[in-house]
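Secondary and tertiary structure notes
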Amino acid sequence: MKPDILLVEPMMQAIEDQLDAIYTVHRLYNEAEKQTLEAALPTIRAVATGGGTGLSNEWIEKLPNLGVIAVNGVGTDRIDLKLARARNIDVATTLGVLTDDVADTGIALMLALLRHIAVGDAYVRAGQWPKGGFPLGISPKGKRLGILGLGQIGKAFGRKAEAFGMSVRYWNRSPVTDSDWQACASPAELAEDSDVLCVVIAATAETRNIVDAEMLKALGPKGYLINIARGTVVDEDALLTALNNGGIAGAGLDVFVNEPNIREEFFTAPNTVLMPHVGSATLETRMAMGDLVLKNLAAHFAGEKPLTTIN
Ligand code: 8YV
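Residues numbered from 1 in each chain as written. Predicted model: local features only at pLDDT ≥ 70, side-chain atom pairs only at ≥ 80, totals over all residues. Heavy atoms only, no water.

Topic: the packing of helix α5 (residues 99–114) against helix α7 (residues 152–163)
Their axes nearest at 8 Å, the elements α5 and α7 cross at an angle of 50°. With respect to α7, the axis of α5 lies oblique. Read as a crossing pair, α5 and α7 show a hand that is right-handed. For the pair α5 and α7, the contacting residues are T99, D100, V102, A103, D104, G106, I107 and M110 in the first and Q152, I153, A156, F157, K160 and A161 in the second. Across the contact of α5 with α7, the residue classes break down as 8 nonpolar, 3 polar and 3 charged. (Axes fitted to C-alpha atoms, helices over the stretch in contact; angles between N-to-C directions. Helix = DSSP H or I, 4+ residues; strand = E, 2+ residues; numbered from the N terminus. Parallel < 35°, antiparallel > 145°, perpendicular 65-115°, else oblique. Left-handed = near helix turned anticlockwise from the far one by under 90°. Contact = heavy atoms within 4.5 Å. Nonpolar A, V, L, I, M, F, W, Y, C, P; charged D, E, K, R; others polar.)

Side note on the pattern of salt bridges
Applying the stated criterion across every chain yields a total of 15 salt bridges. Between D90 and R85 there is a salt bridge, and its shortest N-O distance comes to 3.3 Å. Judged by relative accessible area, which is 29%, R85 ranks as partly exposed. Among the ionic pairs, D90 bridges to K305, the shortest N-O distance being 2.7 Å. (Salt bridge = Lys/Arg side-chain N within 4 Å of Asp/Glu carboxyl O. Buried < 20%, exposed > 50% of the residue type's maximum accessible area, 1.4 Å probe, protein only.)

Examining the sheet that holds strand β9 (residues 196–199)
Spatially, the 7 strands line up as an open sheet ordered β8-β7-β6-β9-β10-β11-β12, and their pairing is parallel. In this open sheet, the two strands that pair with only one neighbour each are β8 (182–183) and β12 (272–274). When strand β10 (residues 224–227) meets strand β11 (residues 250–253), the two strands line up parallel, connected through 4 bridges. Its bridge partner lying in β11, I226 is registered against G252. (Pairing = 2+ DSSP bridges.)

What to know about the packing of helix α1 (residues 13–22) against helix α12 (residues 283–301)
As a packed pair, α1 and α12 sit with axes 9 Å apart at the nearest point and diverge in direction by 15°. The angle between α1 and α12 places the two elements in the roughly parallel class. The two elements α1 and α12 cross, and the hand of that crossing is right-handed. Residues A14, I15, Q18, L19 and I22 of α1 lie in contact with α12, whose contacting residues are M287, G290, D291, L294 and L297. Residue composition of the contact of α1 with α12, by class: 7 nonpolar, 2 polar and 1 charged.

Quick word on the sheet that holds strand β2 (residues 24–27)
Pairing in this open sheet of 5 strands is parallel, and the strands run β2-β1-β3-β4-β5 from one edge to the other. In this open sheet, the two edge strands, each paired with only one partner strand, are β2 and β5 (90–92). Direction aside, the axes of adjacent strands within the sheet are offset by 20° on average. Alignment of strand β3 (residues 44–50) against strand β4 (residues 68–72), held across 5 bridges, turns out to be parallel. Among the inter-strand pairings, A46 is bridged to a residue of β4, identified as V68. Sheet contacts for α1: β1 (4–7) and β2; angle to β2, the most-contacted strand, approximately 125°. Sheet contacts for α12: β1, β3, β4 and β5; angle to β4, the most-contacted strand, approximately 170°.

Notes on unusual backbone geometry
Note: most peptide bonds trans; most residues except glycine with negative phi. Cis geometry is found at the peptide bond from E259 to P260, where omega equals -5°. Along the chain, P260 turns up in the loop between β11 and α11 (265–268). Unlike most non-glycine residues, N88 shows phi in positive territory, near 60°. Looking at the element boundaries, N88 is found in the loop between α4 (81–86) and β5. Classification of N88 as exposed rests on a relative accessible area of 58%. The backbone of N209 shows a phi angle near 55°, a positive value even though the residue is not glycine.

Overview of the layout of surface pockets
Size it by volume and the second largest pocket reaches roughly 280 Å³. Class assignment for the residues of the lining of the second largest pocket results in 13 nonpolar, 3 polar and no charged. (1 Å grid on protein atoms, 1.4 Å probe; cavity = no way out; pocket = protein on both sides within 12 Å on 5 of 7 lines; lining within 4 Å. Points joined across faces, edges and corners; volume = space filled by probe spheres on them.)

Notes on the site of the ligand
By nearness alone, 14 residues border the ligand, and E9, G51, N72, V74 and G75 come closest of all. In this structure, G75 approaches the ligand through a main-chain N or O atom, which is 2.7 Å from an oxygen atom. Here H277 contributes a side-chain N or O atom positioned 2.7 Å from an oxygen atom of the ligand. Within the complex, the protein chains bury 90% of what would otherwise be the 320 Å² of accessible surface of the ligand. A per-class count over the shell around the ligand returns 3 nonpolar, 8 polar and 3 charged. (Near = heavy atom within 4 Å. Polar contact = N/O pair within 3.5 Å; in protein donor to acceptor, adjacent residues only side chain to side chain. Areas by Shrake-Rupley, 256 points an atom, 1.4 Å probe, with all protein chains shown as cover.)

Side note on the packing of aromatic side chains
One pass over the structure, following the stated rule, counts 3 aromatic pairs. Ring centres of Y23 and F301 lie 5.3 Å apart, and the angle between their planes is 40°; on these two criteria the pair is classed as tilted. Here F301 lies in helix α12 and Y23 lies in the loop between α1 and β2, a separation of 278 residues in the sequence. For Y23, a relative accessible area of 3% translates into the label buried. Judged by its relative accessible area of 21%, F301 falls in the partly exposed class. Ring centres of Y123 and F134 lie 4.8 Å apart, and the angle between their planes is 50°; this geometry places the pair in the tilted category. Of the two residues, Y123 is situated in helix α6 (residues 117–125) and F134 in the loop between α6 and β6 (144–148); the sequence distance between them amounts to 11 residues. Exposure remark for Y123: the relative accessible area of 15% places this residue in the buried category. Here F134 falls in the partly exposed class, since its relative accessible area comes to 31%. Note that K62 overlies the ring of W59, its terminal NZ or CZ placed 4.2 Å from the centroid. (Phe/Tyr/Trp six-rings, centres within 6.5 Å; stacked < 30°, edge-to-face > 60°. Lys NZ or Arg CZ within 6 Å of the ring centre and 35° of its normal.)

See below:
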């Protein structure tokens, strides 16, 4: 008998094939399957889900024998970790395998913003080139990069930005002992001391809207914001106001509140580059993430603690 698992959102076909070979997979993202799930709920001992999707308390309550939530990502902001612990449910992530690709997404957003890549592409396609007048870009060389949240991804972003000649400073909730970069005393001080502010901080109740109107003001009219963390860590009202009023120079955003149905004001906001939450979305990394999800599930069903349990 194959064990029953619940798959909340699609994974790569190659990974889903492996899941199907080992488990009876109930797909929550499949409307027809969702309707007939009731009978299987007590038999489900594991859930695989995405970082941006998580698992609601309502679903945790529906699964009395749940023992592990294997997250295909590193974000756990959509999972009540305390409730999971109280229920003896391990929450395991794909810590470590997506670091570089998420940081690369941030670098790509930054360069796209500074060098008008998306605008330039549209400009050439629209036959505007012969008319001239394409704006000059901004060089990253010699600019100050501020990293809000110096975890693995923040450190990778900083190292990559140094290769472009940027100087790095950061703010982190707890002291960082293994970095020579300058630590700033507060998020606002970091913003004030940055030309580009990269947000890579974990989304928690404490960091909700941490990038607020005050921080954007500190970043200033020449400052650029990059968000590769979660939409909820930025006050979107304040951000849209700052973009529209020239309060900041621009924003590169991979994450938003209420994805994928983001606020339509972003579609027309000036000096923005928008991506559909693709930080870790490369073939190689999604394969590595999927493999780790498979390993974490296998560990659980072998009676062991999943290696990358975080709660
Ligand atoms: C993925 C993420 O897009 O790691 C995370 O928390 O948000 C991303 O890597 C997501 O987990 C895939 O569903």
